[in-house]
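Residue-level listing of the chains:
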Amino acid sequence: MNSYTDDFSILNFQRDLVDWYKMNQRDLPWRADQDPYKVWVSEIMLQQTRVDTVIPYFNRFLSLFPTLEALAEADEEKVLKAWEGLGYYSRVRNLQTAVKEVAEQYGGRVPDTPEEISKLKGVGPYTAGAILSIAYGVPEPAVDGNVMRVLSRILLIEEDIGKAKSRTLFEKAVRELISKEDPSSFNQALMELGALICTPKSPACLTCPVHEHCRAFEQGRQRELPVKEKKTKVRHVDIAALILWREDGKYLIHKRPKEGLLANLWEFPNVPVKKRGQSEIEDLKVFLEAEWGISAEIGDHISNLDHVFSHLKWDIQLFEGRCIYEIGDKDDLKWVTFEEMEAYPFPVSHQKIIKLAKEVAVL
DNA sequence: GAAACGTGGTT
DNA sequence: TAACCAAGTTT
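Cut-offs used in this document
- Residues numbered from 1 in each chain as written.
- Chains lettered and ligands numbered in written order.
- Predicted model: local features only at pLDDT ≥ 70, side-chain atom pairs only at ≥ 80, totals over all residues.
- Heavy atoms only, no water.
- Buried < 20%, exposed > 50% of the residue type's maximum accessible area, 1.4 Å probe, protein only.
- Helix = DSSP H or I, 4+ residues; strand = E, 2+ residues; numbered from the N terminus.
- Pairing = 2+ DSSP bridges.
- UniProt positions renumbered as here; feature names shortened; annotations may be inferred.
- Contact = heavy atoms within 4.5 Å.
- Disulfide = S-S within 2.5 Å.
- Near = heavy atom within 4 Å.
- Polar contact = N/O pair within 3.5 Å; in protein donor to acceptor, adjacent residues only side chain to side chain.
- Core = buried A, V, L, I, M, F, W, Y, C linked by side-chain atoms within 4.5 Å.
- Domains from an automatic or database assignment.
- Buried area = accessible area lost by both parts, 1.4 Å probe.
- Salt bridge = Lys/Arg side-chain N within 4 Å of Asp/Glu carboxyl O.

Turning next to the pairing of strand β2 (residues 251-255). Counting buried positions along β2 yields 4 of 5 residues, so the element is predominantly enclosed. Pairing of β2 with strand β7 (residues 333-336) involves 4 bridges; the strand directions are antiparallel. Across the sheet, the residue bridging to L252 is W335, located in β7. Where β2 meets strand β3 (residues 266-267), 2 bridges bridge the pair, whose relative direction is antiparallel. Of the residues in β3, the one forming a bridge with K255 is W266.

Below you can see the structure in the form of structure tokens.
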């Protein structure tokens, strides 16, 4: 055959892993029941996001949108507001799109087959397997970063887990290993083990419930795995941003485009700066005039701030300015008070600006 | 297949 | 501090 599970004691491994999980699993809010909608929401939130970060978001989200129907009918602005600060905002817009699809096409019942569930927006191979196994007990692999790390050690798999292709290899391994009696516990156990014991830097092998099955541990090579190539540095982008105010105590905010970075979130007026130096104020004025028909008197430089994303870094020079003249109304522009601002979803980068704007306003 | 897509905690 | 990491998916 020549598979990674040749000469591997599958049944004993399953037993040791699942027994440990049942005794040691964390008490997490999405484990209270197996409601497919809640499992779904939790899985989307947990993508690339820590459990501790997700817990309060999950509880708030479920109190705001307790059912699939409630989320399907909700205003997108409210949904984004509930996601504010969690990051990867397309996750929740895709989730709402998918939930509407389920409400309309499946009578509100989350599909329970790989073929159907995988068609839903935002449901990739991992999430499909997670929902199917956890909510429905279907023995499908749910291969995330934890699973690849854990199995790379246990089975001594030296494939680069950074490559998209290697995921299918791990899925193949899981199909051979997974407990048919309790796929839910098996999949979650693998992830729980990765989160609590088989951690990236210094795995706690001595307390690991399955170290007797671990080929890397046997050879003392657990710290060499998984193999993962390093990423390149993030790109720096210079931006000039503006706290633009009016005599009536309102500030100008702008809704970002429906695609791309921070899609549909709100922000303060800003422009990319071509050459760092003295042109920032002019860049802002030209932009306001040309794009929105606004003329402004730009005043003090407030401060410099930076914000790091996964793939780039904003270096923001923040100014303050007074609106002199404006024409017409636009859907993506709003003049609001600080109080009204609280209803709008802002990315963290612009939450920092709000904070500074409030301090400046006091003066 | 590589890059885009957020944020906060850890090392 | 900079790099790395966390229950990935879409384009």
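On we go.
This part takes up the UniProt feature "domain: HhH-GPD" (unreviewed entry) in chain A. If you check UniProt for "domain: HhH-GPD" (unreviewed entry), the listed places come out as residues 45-196 in our numbering. Here residues 45-196 runs as 64% helix and 0% strand, with 19 Å between its end C-alpha atoms.

Right, let's get into the environment of L190. Structurally, L190 is set in helix α11 (residues 183-196). Distance in space between the C-alpha atoms of L190 and L151 is 8.5 Å, their sequence separation being 39 residues. Ignoring sequence-local partners within four residues, the contact set of L190 consists of F13, L17, N146, V147, V150 and L151.

A cis amide bond, omega 0°, links L225 with the succeeding residue P226. Of note, P226 is situated in the loop between α12 (215-218) and β1 (235-245). Residues other than glycine seldom take positive phi values, yet D7 does so here, at roughly 60°. Relative to the helices and strands, D7 is located in the segment before α1 (10-24). The backbone phi angle of L156 is positive, close to 50°, even though this residue is not glycine. Of note, L156 is situated in the loop between α9 (145-154) and α10 (166-177). Overall, the relative accessible area of 17% leaves L156 in the buried class.

Following the criterion strictly, the structure yields 0 disulfides and no others. Just so you know, C205 is unpaired, no disulfide at all, and the nearest cysteine sulfur is the one on C214, 6.1 Å from it. Using a relative accessible area of 12% as the deciding quantity, one classes C205 as buried.

Let's shift gears to the protein's contact with DNA strand C. What surrounds DNA strand C is a group of 27 residues, the closest being Q48, G122, D144, N146 and P200. Near-protein atoms of DNA strand C (within 4 Å) split between backbone and bases, with sugar and phosphate holding 66%. Residue L46 places a main-chain N or O atom 3.5 Å away from a sugar or linking oxygen belonging to DNA strand C. Between DNA strand C and Y126 there is a distance of 3.3 Å, counted from a phosphate oxygen to a backbone nitrogen or oxygen. Put simply, the parts of the chain that give the surface near DNA strand C at least two residues each are α2 (36-46), α8 (125-136) and α9.

Membership of the largest hydrophobic core comes to 99 residues, with the highest contact counts inside it found for F13, W40, M45, F61, F186 and L193. Ranked by residue count, the leading element in this core is α8, at 7 residues. Each of two domains, domain 1 (10-224) and domain 2 (235-362), supplies a minimum of three residues to this core. Setting aside residues no more than four positions away along its own chain, W40 makes contact with L68, L95, A98, V99, V102, V110, L120, V123 and I131. Residues L242, L252, V271 and L288 belong to the second largest nonpolar core, which totals 16 residues.

Bringing the domain arrangement of chain A into the picture now. We note that the domain assignment places domain 1 (10-224) and domain 2 (235-362) within chain A. For domain 1 versus domain 2, the distance between C-alpha centres works out to 38 Å. Residue-level contacts link 9 residues of domain 1 with 16 residues of domain 2. Buried area between domain 1 and domain 2, both sides added, is near 930 Å², and the carbon and sulfur share of it is 50%. Between the two partners, domain 1 and domain 2, sit 1 salt bridge. Ionic pairing is found between E77 and K255, a salt bridge with its closest N-O pair at 3.9 Å. Where domain 1 touches domain 2, the interface holds 6 residue pairs in polar contact (both at pLDDT 80 or more). Per-element tally for the side of domain 1 that touches domain 2: the top contributor is helix α5 (residues 76-83), with 4 residues.

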